[in-house]
Amino acid sequence: MNNSHYSFAKPVNEPIFSYAPGTEGRQKLKEALNELKNEEWEIPLIIGGKEIHTGDTGSVVMPHDHHHKLGTYHKASEKHVQEAIKAAQKAKADWADLPWTERASLMLKIAELISTKYRYRLAASVMLGQSKNPMQAEIDAPCELIDFLTFGAYYAGKIYEEQPLSVKGILDRMEYRPLEGFIFALTPFNFTSIASNLNLAPAMMGNTTVWKPSTTALHSNYLLMQIVKEAGLPDGVVNFIPGKGSTIGNVVTASEHLAGLHFTGSTATFNTLWKGMAANIDKYRSYPRIVGETGGKNFVMVHPSADASEVSVALVRGAFEYQGQKCSAASRAYIPKSLWPEIKDRMAAMIDDIKMGDVMDFSNFVNAVIDEASFDNIMGYLEKAAKDNEAKIIFGGKGDKSKGYFIEPTVIEVTDPHYITMKEELFGPVLTVFVYDDKNFDEALQLCDTTTMYGLTGSIFAKDRHAIVKAMDKLRNAAGNFYINDKPTGAVVGQQPFGGSRASGTNDKAGGPLNLMHWCSPRCVKETFVPPTDYKYPFLSQD
């Protein structure tokens with residue numbers, strides 16, 4: 001029996017491949033893209049390790065060429081959701097009893113398989129199925145996905161080694177039990193790394209999950225399930241059930257065994273699930289843990305002392321990388337009048353240079369938005385802005401969905417700081433700018449803090465240190481991730497723990513110890529070596 005206490009060394013972040021011309025990685029990625037593009041997968045449910053073909057199917061297509069079919073997926077019914085819950089419950093005891101170092105070793109094996117054997121295949125899957133360019137796919141899966149796994153193992157060890165004080169004659173120890181029940185993981189389309197973490201972070205701590213993947217990320221999510229199975233994750237630890245969100249959610253929230261919700265998605269969906277859990281609160285064996293990262297209306301605040309060239313690059317990258325479909329994407333900017341002409345000219349030159357199109361062409365900076373519903377929603381906002389007196393589309397504004405769901409990088413200038421595109425999340429390649437008088441920096445900070453219900457990410461650009469400190473103070477609750485002279489995107493596991501509050505979620509910082517602690521139910525054990533044999537305390541004795 002191995003009774004050692006192992007301490008994992010603090011990991012380093014997975015190196016990011018550049019895919020520049022002439023590199024080996026570029027060629028291998030292109031080979032993987034061509035290979036996967038010519039395959040057509042059938043994607044089943046995976047419950048208790050068994051593949052289930054329900055016959056109720058849907059199509060998986062490429063957003064940038066929606067006539068090209070990547071596969072067919074099977075949808076779960078209420079009966080399948082119940083089966084997934086039973087499978088998670090059945091697998092729980094053995095998985096929880098496994099020494100934590102064995103669970104950690106398995107997570108590290110998954111990471112190593114992705115770093116080596118499946119690196120290009122997974123990146124290609126993300127590119128084709130979720131319409132990401134090579135850099136956006138690389139920083140998602142493999143890199144961030146690997147970081148979640150390696151840092152998760154490290155932070156789990158730190159949690160387990162934290163023990164209470166023991167005094168003479170007594171031994172106190174803390175046992176970090178998994179939750180009593182299953183975790184429901186509802187994952188988004190935009191990051192495969194998040195889909196992995198929402199399942200494997202709870203699993204690292206001994207829990208089992210029921211996973212509802214996004215319909216528009218099924219290609220890479222199914223590949224991830226295959227990799228996890230190859231690594232040796234026991235059957236039933238993660239149960240993969242694509243299907244209609246309401247069907248799955250209603251069954252899950254009604255189950256007495258629901259122990260937690262691990263969520264990334266829209267604020268509206270999160271609120272619906274929370275209400276469903278509240279309505280069923282008397283059924284649960286324990287109060288479910290609720291961890292969610294939701295919407296955002298992320299800002300760039302520009303002070304008159306800022307450098308216009310730095311601001312311009314941050315806005316273009318922050319707003320238009322991955323078509324603005326990042327939770328952290330720059331969506332609104334407050335720019336002083338003195339800098340706006342130069343910033344606008346610099347942005348115009350960059351936007352004019354940006355190419356948009358198929359992910360197979362590595363010269364395309366912008367690709368397609370995820371599906372027709374997203375396309376129609378974003379274009380609805382742009383059509384409104386084109387008609388309204390308070391708004392002016394100064395760059396872009398057009399879209400075409402005949403072949404792929406393409407929307408031009410768009411900048412809207414508004415005269416009303418409370419205009420709808422300054423408040424509501426669009427989740428597309430749209431940046432709205434409000435130009436303020438230089439002397440009204442304080443008022444701009446107040447607007448930034450109070451205009452939206454969100455509080456995810458934001459940044460301040462300034463050379464004036466007093467302005468930076470003021471912005472940090474006034475915008476203290478406006479962003480869970482705050483950047484100084486940088487775009488509000490690109491958080492790295494282990495460097496910038498990610499999450500926001502207000503309507504942006506529960507701010508539990510994915511990839512770190514705070515998040516992992518939610519998937520534990522600590523038990524404190526006190527052992528007294530020589531118990532007393534008389535009820536009397538010394539003070540009761542006679543003088």
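Rules used in this analysis
- Residues numbered from 1 in each chain as written.
- Predicted model: local features only at pLDDT ≥ 70, side-chain atom pairs only at ≥ 80, totals over all residues.
- Heavy atoms only, no water.
- UniProt positions renumbered as here; feature names shortened; annotations may be inferred.
- Helix = DSSP H or I, 4+ residues; strand = E, 2+ residues; numbered from the N terminus.
- Buried < 20%, exposed > 50% of the residue type's maximum accessible area, 1.4 Å probe, protein only.
- Contact = heavy atoms within 4.5 Å.
- 1 Å grid on protein atoms, 1.4 Å probe; cavity = no way out; pocket = protein on both sides within 12 Å on 5 of 7 lines; lining within 4 Å.
- Points joined across faces, edges and corners; volume = space filled by probe spheres on them.
- Domains from an automatic or database assignment.
- Salt bridge = Lys/Arg side-chain N within 4 Å of Asp/Glu carboxyl O.

Under an unreviewed UniProt entry, the name given to the protein chain is L-glutamate gamma-semialdehyde dehydrogenase, and the organism recorded is Porphyromonas macacae. Per UniProt, the protein chain has the following entry under Catalytic activity (unreviewed entry): "L-glutamate 5-semialdehyde + NAD(+) + H2O = L-glutamate + NADH + 2 H(+)".

S.K.: How would you explain the environment of D97 if you had to name every residue and give the values?
M.R.: Considering the arrangement of structural elements, one finds D97 in helix α2 (residues 78–97). Relative accessible area serves as the criterion here: at 63%, D97 is assigned to the exposed category.

S.K.: Hey, could you go over the UniProt feature "active site" (unreviewed entry) in the protein chain for me, with residue numbers and the actual values?
M.R.: Here the UniProt feature "active site" (unreviewed entry) sits at E293. You can see E293 is positioned in strand β11 (residues 289–293). Each residue touching E293, except ones within four places of it in the same chain, is listed here: F263, T264, G265, C327, L456, F498, S504 and G505.

S.K.: Could you give an account of the layout of surface pockets, with specific residues and numbers?
M.R.: Roughly 870 Å³ of volume is contained in the second largest pocket. Every residue lining the second largest pocket is counted, 37 residues in all, and those nearest its centre are L186, F263, G265, S266 and T269. Secondary-structure elements contributing two or more residues to the lining of the second largest pocket are α8 (245–253), β10 (258–264), α9 (267–279) and α12 (372–387). With six residues, α9 is the largest single contributor of residues to the lining of the second largest pocket. Here the lining of the second largest pocket spans two domains, since at least three of its residues come from each of domain 1 (29–294 + 505–526) and domain 2 (299–484).

S.K.: Outline the pattern of salt bridges, supporting the account with residue identities and numerical values.
M.R.: With the rule as written, the count across this model stands at 24 salt bridges. The shortest N-O distance in the salt bridge between E24 and K28 comes to 2.9 Å. Residue E24 and its partner K28 are located together in helix α1 (residues 24–37), separated by four residues, close to a single helical turn. Here R502 makes a salt bridge to D449, at a shortest N to O gap of 3.0 Å. With R502 in strand β22 (residues 501–502) and D449 in helix α14 (residues 441–450), the pair connects residues that are 53 residues apart, well separated along the chain. Among the residues examined, R502 registers a relative accessible area of 37% and is labelled partly exposed. Among the residues examined, D449 registers a relative accessible area of 17% and is labelled buried.

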